[in-house]
Amino acid sequence: MACPPEDCGGMWGYAELAAWVRGGRDPSSVPSPFDDVEDALDWLPLEWHPDRFDVAEATAVIAAAMAAPVRVPDELAALRTRLEHRGDPALTHLLERAATHPVVEVDDSEAAQLVEPYLELLDAIGDGMQLAAAGYLPPAVVEQLAARTGVTGWWIGSANREDLTRPPP
């Protein structure tokens, strides 16, 4: 069986969450502390089910964790080290998985859609910009990027702080 998601409310919270998922994720019985189905599904790991455990997937994750590091350019290695110390572990996890998972082919249209937010970011920062005192993009730039990428259409709040604005689902 799958391990409980991180910070799911102990064994009682896990039992309630597992029962809800097993029952088909009924919108009328979303477990606390979630506001609605979307909130719960955003929080849960992708495709998580309490009764699912994939031995091959677990073996691949363990193998990736135990494997020698894949040689990458020095700049990427430096970025990875910085992320391990103070960044989102999701990117580090993606870099580790890249060595053990097949390449997914995308067509030109899909590739353009995937890189569009990054192109918007590069366009907004141009040749560079002074970060705020806390080390983040200035709020005005975050607001501009949120508007240009469509985040303001679904984000609750002003979307002016990069550390409090999640990426789109």
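Residues numbered from 1 in each chain as written. Predicted model: local features only at pLDDT ≥ 70, side-chain atom pairs only at ≥ 80, totals over all residues. Heavy atoms only, no water.

Trainee: Could you clarify how one ought to interpret the pattern of salt bridges in this entry?
Mentor: Pairs may arise between side chains of opposite charge once their charged atoms sit close together. For the structure shown, the criterion picks out four salt bridges. Between Arg 22 and Asp 51 there is a salt bridge, with its nearest N and O atoms 2.8 Å apart. You can see Arg 22 sitting in helix H1 (residues 10-22) and its partner Asp 51 sitting in the loop between helix H2 (37-43) and helix H3 (55-66), a full 29 residues away along the chain. The partner of Glu 57 in a salt bridge is Arg 52, with the nearest N and O atoms 2.7 Å apart. When salt bridges that share partners are traced, they join Glu 120, Asp 123 and Arg 148 into one network. (Salt bridge = Lys/Arg side-chain N within 4 Å of Asp/Glu carboxyl O. Helix = DSSP H or I, 4+ residues; strand = E, 2+ residues; numbered from the N terminus.)

Trainee: Which parts of the structure should I look at to understand the environment of Ala 15?
Mentor: Tracing the sequence through the fold places Ala 15 in helix H1. A residue is classified by how much of its surface remains accessible, and Ala 15, at 44% relative accessible area, is partly exposed. Distance in space between the C-alpha atoms of Ala 15 and Pro 4 is 9.2 Å, their sequence separation being eleven residues. (Buried < 20%, exposed > 50% of the residue type's maximum accessible area, 1.4 Å probe, protein only.)

Trainee: Whenever I open this one, the nonpolar core confuses me. Can you help?
Mentor: What tends to happen in soluble globular proteins is that the nonpolar side chains get buried as a cluster. Among the nonpolar cores identified, the biggest contains 13 residues, and Leu 17, Trp 20, Val 30, Leu 44 and Trp 48 are the most heavily contacted of them. Among the elements of the structure, H1 and H2 are those that each provide at least two residues to this core. Counting residues per element, this core draws most heavily on H1, at five residues. Sequence-distant contacts of Leu 17, that is, excluding residues within four places in its chain, are made with Pro 5, Cys 8, Pro 31, Phe 34, Trp 43, Leu 44 and Trp 48. (Core = buried A, V, L, I, M, F, W, Y, C linked by side-chain atoms within 4.5 Å. Contact = heavy atoms within 4.5 Å.)

Trainee: Got a minute to help me understand the packing of aromatic side chains in this structure?
Mentor: Ring pairs (aromatic) are described by centroid distance and by the angle formed between their planes. Going through the model one piece at a time under the given rule, you end up with two aromatic pairs. Ring geometry for Tyr 14 versus Trp 48: centroids 6.2 Å apart, planes at 75°, classification edge-to-face. You can see Tyr 14 sitting in helix H1 and its partner Trp 48 sitting in the loop between H2 and H3, a full 34 residues away along the chain. The same class applies to Tyr 14 as to Trp 48, namely buried. Here the aromatic rings of Phe 34 and Trp 43 are separated by 5.2 Å at their centres, their planes lie at 50°, and the arrangement is tilted. What makes Trp 43 partly exposed here is its relative accessible area of 32%. (Phe/Tyr/Trp six-rings, centres within 6.5 Å; stacked < 30°, edge-to-face > 60°.)

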